[in-house]
Amino acid sequence: LEELLTHNNGNFIRNLMKSLSNEISGCSDVKRLLAIVGVSLNIIQPDLETSATMRKSVLPVLMSTLLSPYPRVRQYTAEQLYVKIEEDGDKLLGSQAALEDATQLLLNVAWHDEYDHHGHIIKARNQIADLLGVVLSEEARHVTFG
């Protein structure tokens, strides 16, 4: 896996994530979406020389699945991102405070709620993106679901 992820300066990662991002668009197959989350999280290997490419390519995809129209996908993404942060948070986040903030958001938000009437899920996703250094457009910050 390491050889594949570092091959050709991270081009494999960029191409794979572009394909997965396209697959997510309009996908209504929850099992497929859950598999995409799993693959995406396994690509994040912060000790490799291509870790910057991984972060730039993978984390935006995960931020989009945190706002999936499917509660199960949102919940699974939050759970798996929590596990990844517990494993590699010191390498993914800049400080202990950011690590704690991200884990608390992932644990305390009701990602499985059918609707986000008060904007708690969107606000939490935006805060997690900020903590992870993921740049979201203004349009992405105000997207809605449900």
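Values in this document were obtained by computation on a predicted structure and should not be read as measured data. (Residues numbered from 1 in each chain as written. Predicted model: local features only at pLDDT ≥ 70, side-chain atom pairs only at ≥ 80, totals over all residues. Heavy atoms only, no water.)

### Brief notes about helix α4 (residues 51-65)
Here's step 1: Taking 1.5 Å of rise per residue, the 15 residues of α4 would be expected to cover 21 Å, and the 21 Å separating its terminal C-alpha atoms lies within 8% of that figure.
Here's step 2: Along its length, α4 reaches its greatest deviation from straightness, about 25 degrees, at V58, and the proline P60 lies no more than four positions downstream. (Helix = DSSP H or I, 4+ residues; strand = E, 2+ residues; numbered from the N terminus. Expected span 1.5 Å × (residues − 1). Bend = angle between axes of the 7 residues up to and from the residue.)

### A closer look at the environment of L136
Here's step 1: Residue placement: L136 occurs in the loop between α7 (120-132) and α8 (138-141).
Here's step 2: Separated by 50 residues in the primary sequence, L136 and E86 have C-alpha atoms spaced 23 Å apart.
Here's step 3: If we ignore the near neighbours within four places in the chain, the residues touching L136 are M63, R125, N126, A129 and R141. (Contact = heavy atoms within 4.5 Å.)

### Things to note about the packing of helix α2 (residues 11-24) against helix α3 (residues 30-43)
Here's step 1: Packing of α2 against α3 leaves a shortest axis separation of 11 Å and a crossing angle of 160 degrees. Considering their axes alone, α2 and α3 lie roughly antiparallel with respect to each other. Viewed along their axes, α2 and α3 form a crossing whose handedness is left-handed. Residue-level inspection shows I13, L16, M17, L20, E23 and I24 of α2 in contact with α3, the latter providing R32, L33, I36, V39, S40 and I43.
Here's step 2: Residues that form the contact of α2 with α3 fall into these classes: nine nonpolar, one polar and two charged. (Axes fitted to C-alpha atoms, helices over the stretch in contact; angles between N-to-C directions. Parallel < 35°, antiparallel > 145°, perpendicular 65-115°, else oblique. Left-handed = near helix turned anticlockwise from the far one by under 90°. Nonpolar A, V, L, I, M, F, W, Y, C, P; charged D, E, K, R; others polar.)

### A few points about the confidence of the model for the chain
Here's step 1: Of the residues in the chain, 90% reach a pLDDT of 70 or more, and the chain-wide mean stands at 89.
Here's step 2: Element-level mean pLDDT values for the chain span from 64 in helix α1 (residues 2-6) up to 96 in α7. (pLDDT = per-residue confidence, 0-100.)

### Digging into the side chain of R74
Here's step 1: Inspection of the secondary structure puts R74 in helix α5 (residues 71-92).
Here's step 2: One buried charged residue, R74, forms no salt bridge at all, with the nearest opposite charge on E114 at 6.1 Å.
Here's step 3: If we ignore the near neighbours within four places in the chain, the residues touching R74 are T65, L66, L67, S68, P69, W111, H112, D113, E114, I121 and F145. (Buried < 20%, exposed > 50% of the residue type's maximum accessible area, 1.4 Å probe, protein only. Lys, Arg positive; Asp, Glu negative; His and termini not counted. Salt bridge = Lys/Arg side-chain N within 4 Å of Asp/Glu carboxyl O.)

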